[in-house]
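# Reading the structure
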Amino acid sequence: MKNAVIGNNKQKANLIVLGAVPRLLYLLQQTSSSLELRTECAVVLGSLAMGTENNIKSLVDCHIIPALLQGLLCPDLIFIEACLRCLRTVFISPVTPVQLLYTDPTVIPHLMSLLSHSHRTQEYTTQIFSHCCKTPEHQTVLFNHGAIQNIAPLLISPSYKVRMQALKCFSVLAYENTQVSLTLVNVLVDGELLSQVFVRMMQRDQPIEMQLTSAKCLTYMCRAGAIRTDDGCIVLKTLPCLVRMCSKEHLLEERVEGAETLAFLMEPDVELQRIASTTDHLVAMLADYFKYPSSVSAIADIKRLDHDLKHAHELRQAAFKLYASLGSNDEDIRKKITETENMMDRIVSGLSESSIKVRLAAVRCLHSLSRSVQQLRTSFHDHAVWKPLMKLLQNAPDEVLVMASSTLCNLLLEFSPSKEPILESGVVELLCSLTQSESPALRVNGIWALMNMAFQADQKVRVEIVQCLGTEQLFRLLSDPDGNVLMKTLGLLRNLLSTRPHMDQIMSSHGKQIMQAVTLILEAEHSAEIKEQALCILANIADGNTAKELIMTNDDMLQKIKYYMGHSNVKLQLAATFCITNLIWNEDDGSQERQDKLKELGFVDMLHKLSQACDANLSDSAKTAMQQYLA
Amino acid sequence: MAELGAGSLSLGDPVFNYQEHELNERLKRLYPAVNEEETPLPRSWSPKDKYSYIGLSQSNLRVHYKGHGKNHKDAASVRATHPIPAACGIYYFEVKIVSKGRDGYMGIGLSAQGVNMNRLPGWDKHSYGYHGDDGHSFCSSGTGQPYGPTFTTGDVIGCCVNLINNTCFYTKNGISLGVAFTDLPPNLYPTVGLQTPGEIVDANFGQQPFVFDIEDYMSEWRAKIHGMIARFPIGERLGDWQAVLQNMVSSYLVHHGYYATATAFARATETMIQEDQTSIKNRQRIQKLVLEGRVGEAIEATQQLYPGLLEHNPNLLFMLKCRQFVEMVNGTDSEVRCLTIRSPKSQGSYPGSPNLSPHQGAGNSHIHTGGVDSPTCSNGVTPSKKSKSHSSVVSSNMKYPSTSSSASSSTSSSPSSINYSESNSSDSTKSQPHSNNSNQETSDSEMEIEAEHYTNGVVEGSSTRIMNGTYKHEEILQPDDNSIGNGVTGEEGYRNGRQLCGGNQAATERMIQFGRELQALNEKLCREYGKNTTHKKMLQDAFSLLAYSDPWNCPVGQQLDPTQRESLCSALNSAILESQNLPKQPPLVLALGQATECVQLMARVRSGSCSFARVDNFLL
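Residues numbered from 1 in each chain as written. Chains lettered and ligands numbered in written order. Predicted model: local features only at pLDDT ≥ 70, side-chain atom pairs only at ≥ 80, totals over all residues. Heavy atoms only, no water.

### Comments concerning the sheet that holds strand β4 (residues 76-80) of chain B
Residues and elements named next belong to chain B. As a reminder, the rule being used: Strand pairing is defined by DSSP finding a minimum of two bridges between the two strands. Each helix is a run of DSSP H or I of at least 4 residues and each strand a run of E of at least 2, with the numbering of both proceeding from the N terminus.
Read from one edge of the open sheet, seven strands run β1-β4-β13-β6-β7-β8-β9, paired in antiparallel fashion. Taken across any chain shown, the strands that pair with only one partner, and hence form the sheet edges, are β1 (45-50) and β9 (145-146). As paired elements, β4 and strand β13 (residues 188-194) share four bridges and run antiparallel to each other. Looking at the pairing, Ala76 lines up with Leu194 of β13.

See the structure below:
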């Protein structure tokens, strides 16, 4: 059987259909059969597993995994190796549920103990671990069973395969795992720090796979906070290594992995972004990622074309991710990126690609670049990026929506020339629907975009917003559990109530509810920023012609204003003082009455006190208010 | 460094010497293929090759600007003392910006000899630079291209020239900025240029560790080039290549007379040996005699086996005779040895001498100049087999020193035995009484060590040969009366006891007589072939030995070293082979010499990859 199936998928499938698997498993499990026979069974099963995914499925369905795991308890090394090899082949297949490794709690400790037996057991076991460690829970299980101490010595094994699999194991263990990463930095291998071992494995004469995986390990340790971002092994070794991986001379897969890892490494650190942006012409080098499949490959070589096509999406999304990471903080880098050949066109077409991964990465890139005032004014407008962005916002999955709407927020800033055409495209309805989303991030982005849109907008737009959103939804948002949503909603209110005629109009129709909402916010437990926003809204209302009566007639509200004038937070004091200033402004009609009433309520004394305040802004505004009485 | 002000350095300064030492070490490590006698490496800025607005200090490593710095017409540059040798493969230097001065118009780069120094690097033809004020690269042009970031006070800028693909990239604070120039011409000098007052930069040509890990970059290229060589396409001819390689190994073994190994190899690879068995054994025997210093017997054997050979090679004969004279002084030649009472055992005197790795350097120096230093090919190919085939001889001689006759009989059956001379066998009997003393024991145990050493040692190159040589001296001269009496052991004991012709009066007379014959031979040759200065010198050197009371420790004493026999041995072997219409050099040695020469030629024609394609990287 063994000789019949080697390298022949058809034969493998035939044997499986004929029911060979249960019989082989039976023989394998018979302790009475000879070890040679049992070993041969494991070898044949391993060969069957090398076939198609369907083969693997059939094997798993026949409960091959528990049988093989049981086999590992046999004392014979040759048999164990055959079982492990077969297990390895089964587990590295994407169709095998990795959970099967963790069902029996005695399996992991036993696998750990096998690590000391031979190069083969080391190679297969570590390979199983690195393929079956998919979640933080898996990481913890392996970590708790001493994976680090058991696998670390394998990094200096004489066998390349063992070293490589051990390295891969560490990369999956350390990924986004602080506990593992913090342990790893202190591990010594033969008297040498693990980070130094990784640096050595990253040397330029080592195989690319090894360099890349070592760089991943160090990247994950750095992102988990175990290594500082200004450490030499990151700045001078890991980062340059990853940049090198992006160069044309490497395989497409390596370039994708290199770019993604690099993007991850420098995402939170502007200094690393600056260094990477000047390393080996990285920004220009990435432009090449968009040239697949190339025109040459299309004609010359069908095989190559197929290969290029398969990787084209991956390459593009990796490049977008890396651009996004590079440009997330530094204005000069953003400029450099947008000036790269056809960059904006590439983003625009990326936004409407069929692959969701590419669309997401493209919009991330666009979002990163949209933080630049200059780019919003120039390239974003020139390339009408809002059009594909708006299209993307229809029926996109949540993760794309979050990025796209966040980008839209920036495009709706008042200095953005794209604001007008976006408004005309009927965006309000879309944004209002976002505010009803389950996802807090989408609610924030929706209301945030509306807030930006309302800033210094004309009456028509404000009315449209209020009508479309509806007061009911507006007040629902004012009691949103998410602080950010609340903040932006107050900001929207502030922007809606910013000029007198509009404000009076809105207050005349919704004054009661708005006052009620503000009262609620001032009474509830909220952060100072939120209360400041609420007081600012009051100050705006106090500036209205008719609307100010809503405050003057509300003694409870006046008491609240007074309270905040005496608050320990200067910002709140300042906002409350503005409120009073607006109420007593003596150019307005009926100012005398209001001044008198407020004097009665003790506001003048309060202003006196504030005019002595240490904070210059506060004392100045208090003095301005006092002058209204003198005039 | 700060306290080392300009001009305060003297050669006696320990700091300076230390730095100098470190510089030399680093340069040797970075550029092992560079022959500094032909192409010296840059070590400092040239005080001669600079514009007048440039000032140098701190051993010509610090550059400062001393002009007006009004506009670009006041720009000034300085070149390093030497151009970058192509044999570097990859060359690197760094410049630290000590002060950006007024405007920081600094350029770092490369220029050819003769480029105007009243300019910044990069502005003219054959000039290349990276400028600090705008971060642009200037490739033989007044207008720059956007290249990298700007640089200023405190930054370290590195410039790397890749002489394999003729490109250049810069580094800033240890980070590579990517390729700046391609298609660079050869023979560029490291160059810096400054343009405004206060600008100061320090160069590091290897005086200190570099900020950028250049060795890591080099390792990548070394791996690339080794990979390229290893994967060199040989197409369909795989079988041909194997046959060629087997043939080379076989012919090498045959050439040097490793008969047993050669036949074993031929059997294993199913190939044929060209030369016949007796011929090989004869050559082996003659070589062994020469290597043992028994030149007289060697001449005799040659004349007997290859009549006419020496007659047709009077130069070779003369060289042999000269050597015979030297060996008489040494007390090793049989004509002298038979007269002395204390001749050592013949068989053990040069344990497994035919195994001796041939000294490649002398025999084929015209094509293989590097051969003396490099471990020769024989080492890589044959050591284990050789030692195996001869180990029985060696051990039988060594383990039973007291039963010399049995030893000689046992060895006589071995193909590598040299027990053919009558005088020799009588010597070995005579040596009997001495072989029981403690010295003998010591030397025997040494011998075993040596023999062990030998099997590993062949691969170690020249040092092993010297060890064997010393050992031979000891062994030959060791049975000396004083040492027996005093029980003196060790090398000193032997050295003190060494005497001309073994201290034997009759032997000395024979030697002097031989000297006269030699003189006569020289005169005869002069008459027949005209004056020959080489002969004259050879003869002079040989006779000079007599002028010293201790010839072993005199200015011409080198001649007595047994390693000197090797070149002669190889010359004689080649002559014999030639007379049999066989190649006088084994193809393996030719190929090796060819490869070595080729790599050196690559350096001369400026092909940088020679740096990483060194032949000795592939041996071992």
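### Structural notes on the UniProt feature "repeat: ARM" (unreviewed entry) in chain A
All names here are of chain A. The line we're drawing: UniProt positions are given in the numbering used here, feature names are shortened, and annotations may be inferred rather than shown by experiment.
Within the UniProt annotation, "repeat: ARM" (unreviewed entry) is assigned to residues 19-55 and 469-511. Along residues 19-55 one finds 76% helix and 0% strand; the C-alpha atoms at either end are 12 Å apart. Helix and strand shares over residues 469-511 are 81% and 0% respectively, and the end C-alpha atoms of the span are 16 Å apart.

### Focus: the interface of chain A and chain B
What counts is decided by this rule: Contacts are assigned to residue pairs with any non-hydrogen atoms lying within 4.5 Å of each other. Defined here as a combined quantity, buried area equals the accessible surface (1.4 Å probe) lost by two parts on assembly, summed across both. Any carboxyl oxygen of Asp or Glu within 4 Å of a side-chain nitrogen of Lys or Arg constitutes a salt bridge here. Here a polar contact is taken to be a pair of N or O atoms separated by no more than 3.5 Å, where protein atoms must pair a possible hydrogen donor with a possible acceptor and residues adjacent in sequence count only if both atoms sit in side chains. Charged means Asp, Glu, Lys or Arg here, nonpolar means Ala, Val, Leu, Ile, Met, Phe, Trp, Tyr, Cys or Pro, and polar covers whatever is left, Gly included.
Listed as interface residues are 14 residues of chain A and, on the opposing side, 17 residues of chain B. Note on chain A versus chain B: buried area summed over both sides is about 1,200 Å², and carbon and sulfur give 50% of it. Where chain A packs against chain B, one counts four salt bridges. Across the pair Lys237 of chain A and Asp216 of chain B runs a salt bridge whose closest N-O atoms are separated by 3.8 Å. Our count for the chain A to chain B interface comes out at six residue pairs in polar contact (both at pLDDT 80 or more). Those elements that provide at least two residues to the side of chain A that touches chain B are α16 (232-245) and α18 (270-278) of chain A. Grouping the amino acids of the side of chain A that touches chain B by side-chain chemistry returns four nonpolar, four polar and six charged.

### Side note on the pairing of strand β12 (residues 175-181) of chain B
Put simply, side chains in a regular strand alternate between the two faces of the sheet. Residue and element names in this part refer to chain B. Rules: Only protein chains enter the accessibility calculation, which uses a 1.4 Å probe. A residue is then buried if its area is under 20% of the maximum for its type, exposed if over 50%, and partly exposed in between.
Burial within β12 is extensive, with six of its seven residues counted as buried. Relative to β12, strand β11 (residues 167-172) is paired through four bridges, and the arrangement is antiparallel. Paired with Thr171 across the bridge in β12 is Ser176. The antiparallel pairing of β11 with β12 creates a hairpin that spans two residues between the two strands, and Asn173 there sits at a positive phi of about 50 degrees.

### Digging into the side chain of His250 of chain A
Residue and element names in this part refer to chain A. The topology assignment puts His250 in the loop between α16 and α17 (252-266). A relative accessible area of 13% means that His250 is categorised as buried. Within the structure, the side chain of His250 is placed 3.0 Å from the backbone oxygen of Arg244, a separation counted as a polar contact. Those residues within four positions of His250 in sequence are excluded, and the remaining contacts are Ile208, Arg244, Met245 and Arg255.

### A look at the confidence of the model for chain B
Residue and element names in this part refer to chain B. For clarity, the threshold we go by: pLDDT gives the predictor's per-residue confidence on a scale running from 0 to 100.
With 70% of its residues at a pLDDT of at least 70, chain B reaches an overall mean of 74. Counted against residues more than four places away or in other chains, residues 1-11, with its pLDDT under 50, gives 15 contacts. In this model residues 341-496 is a low-confidence stretch, pLDDT under 50, and it forms 232 contacts with partners more than four residues away in sequence or in other chains. The ipTM, which scores confidence in the relative placement of chains, is 0.82 for this predicted complex, and the corresponding pTM is 0.74.

### Regarding the pattern of salt bridges
All names here are of chain B. Taken as a whole and assessed by the stated rule, the structure comprises 45 salt bridges over all chains. A salt bridge links Lys172 to Asp155; its shortest N-O distance comes to 3.9 Å. Separated by 17 residues along the polypeptide, Lys172 in strand β11 and Asp155 in the loop between β9 and β10 (156-162) bring together distant segments of the chain. Notably, a salt bridge pairs Arg294 with Glu292, separated by 2.6 Å at the nearest N-O pair. Residue Arg294 is classed as buried on the basis of its relative accessible area, which comes to 0%.

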